[in-house]
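# Structure at a glance
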Amino acid sequence: MTLYQPFLDYAIALLQERLNLQPYAIPQGFESKQATVGKGKHQQEVLTTSYAYQTTKLRQIRAAHVQGGNSLQVLNFVIFPHLNYDLPFFGADLVTLPGGHLIALDMQPLFRDDLGYQAKYTQPILATFHAHQQHLPWGGDFPEEAQPFFSPAFIWTRPQETEVVETHVFAAFIDYLQAYLDFVDQAQPITDSKYLADIEQAQLRYLGYRAEKDPARGMFTRFYGAEWTEEYIHGFLFDLERKLASAIR
Ligand code: DBV
């Protein structure tokens, strides 16, 4: 069972339909990675595949899909806008572990407490948020330090039933991605140098947090080793610092 394959297929089809997608280079050795874990009857293949695209407004659109049997399925899907747009990040962390499902879905703000920013990028999706939240109640227990990175329209839920993932989570994922692409359509390049500096700082803050705290680090290290994992995190999943360092500025 690959619970999140339909999410990935839908997302890529929608992006292809609505954007002029260009490929984004995935470092060699990271497009697809496989390991066999466990012993005897519990042996299990764990396959991690990566996908990446870019457009003139979106610096990196990337997905990591982990397939390791019924009790290990992950789709981590993030869109990182170019630094001359004030767009939020699209962030989906769809996780199925032996303990159950864990779903995080949001348009993650650059400036959470800025009311003008909220009016522009949260207010338009609040009705969508409330409609889905009826079926996807707050999942509790959320790391305090991660809160600055989520919007008031953050969907955080831990469904008991796989069917809820296939129906309500899928519907919410589609609505959020559609709404995000509406924001992308409307986005105009920022030219104010003070605002541009604030955007870069906010992107680096988000990136730094996610690379440092990546909740998948332990899992990836067990499957594929520390060296592969650190390179995957800093060289692909959260690569902004590397890209800035290698650019002529
Ligand atoms: N999470 C990632 C990436 C993953 C991934 C790149 C490719 O950012 C998977 C894989 N997330 C993943 C896994 C777990 C979580 C959990 C495997 C389970 C970890 C475990 O239980 O062992 C949202 N994801 C989580 C948690 C949160 C998020 C809050 C619970 C972890 C905890 O309780 O500490 N998404 C995650 C997050 C941010 C975000 C913290 C912060 C900005 O955008």
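Everything that follows concerns the structure shown earlier in this document.
The sections below set out a description of the structure shown in this document. (Residues numbered from 1 in each chain as written. Predicted model: local features only at pLDDT ≥ 70, side-chain atom pairs only at ≥ 80, totals over all residues. Heavy atoms only, no water.)

To continue, consider the overall build of the protein. Secondary structure summary: the protein contains eight helices and eight strands in total. Reported as C-alpha extents along the three principal axes, the dimensions of the protein are approximately 60 × 45 × 35 Å. Counting only contacts in the protein whose residues sit at least 6 apart along the sequence, the fraction spanning at least 24 positions is 64%. Total accessible area on the protein is roughly 12000 Å²; 52% of this is exposed by carbon and sulfur atoms. (Helix = DSSP H or I, 4+ residues; strand = E, 2+ residues; numbered from the N terminus. Contact = heavy atoms within 4.5 Å. Areas by Shrake-Rupley, 256 points an atom, 1.4 Å probe, with all protein chains shown as cover.)

This part covers the site of the ligand. Taken together, 23 residues lie near the ligand, and Asn76, Asp93, Gln108, Arg210 and Asp214 sit nearest. Note that an oxygen atom of the ligand is positioned 3.3 Å from one of the side-chain N or O atoms of Asn76. Note that an oxygen atom of the ligand is positioned 3.2 Å from one of the side-chain N or O atoms of Gln108. Its free accessible area being 850 Å², the ligand has 79% of it covered by the protein chains. (Near = heavy atom within 4 Å. Polar contact = N/O pair within 3.5 Å; in protein donor to acceptor, adjacent residues only side chain to side chain.)

To continue, consider the side chain of Thr55. Position of Thr55 among the secondary structure elements: in the loop between strand S3 (44-54) and strand S4 (58-67). A relative accessible area of 11% means that Thr55 is categorised as buried. A distance of 3.2 Å separates a polar atom in the side chain of Thr55 from the backbone nitrogen of Lys57. Residues contacting Thr55, with those up to four places away along its chain left out, are Leu19, Asn20, Leu21, Ile61 and His82. (Buried < 20%, exposed > 50% of the residue type's maximum accessible area, 1.4 Å probe, protein only.)

Judged by how many residues are buried, strand S5 (residues 73-81) sits mostly within the fold: nine of nine residues are covered. Burial of the side chains of S5 extends over both faces: Gln73, Leu75, Phe77, Ile79 and Pro81 are buried on one face and Val74, Asn76, Val78 and Phe80 on the other. The turn joining S4 and S5, which pair antiparallel and follow one another in sequence, is formed by five residues; a positive phi near 90 degrees is taken by Gly69. Direction of pairing for S5 relative to strand S6 (residues 89-97): antiparallel, over a ladder of seven bridges. Across the sheet, residue Val74 finds its bridge partner in S6, namely Val95. (Pairing = 2+ DSSP bridges.)

Another point: the pairing of S6. With respect to burial, S6 is a largely interior element, eight of its nine residues being buried. Across nine bridges, S6 lies against strand S7 (residues 100-108) in antiparallel orientation. Along S7, the bridge assignment pairs Val95 with Leu102.

The backbone of Asp141 shows a phi angle near 40 degrees, a positive value even though the residue is not glycine. With respect to the element layout, Asp141 can be found in the loop between helix H3 (126-133) and strand S8 (155-157). Look at Asp141 and you get exposed, because its relative accessible area is 73%.

A full pass over the atoms with the stated rule returns nine salt bridges. For Asp182, the salt bridge identified is with Arg18, shortest N-O distance 2.7 Å. Pair noted here: Asp182 is in helix H4 (residues 162-186) and Arg18 is in helix H1 (residues 5-18), with a separation of 164 residues, a long-range link. Since its relative accessible area comes to 23%, Arg18 is described here as partly exposed. Among the salt bridges present, the one from Asp198 reaches Lys194, with a minimum N-O distance of 2.8 Å. Linking Asp198 with Lys194, this pair stays in helix H5 (residues 193-213), spanning four residues, or about one helical turn. (Salt bridge = Lys/Arg side-chain N within 4 Å of Asp/Glu carboxyl O.)

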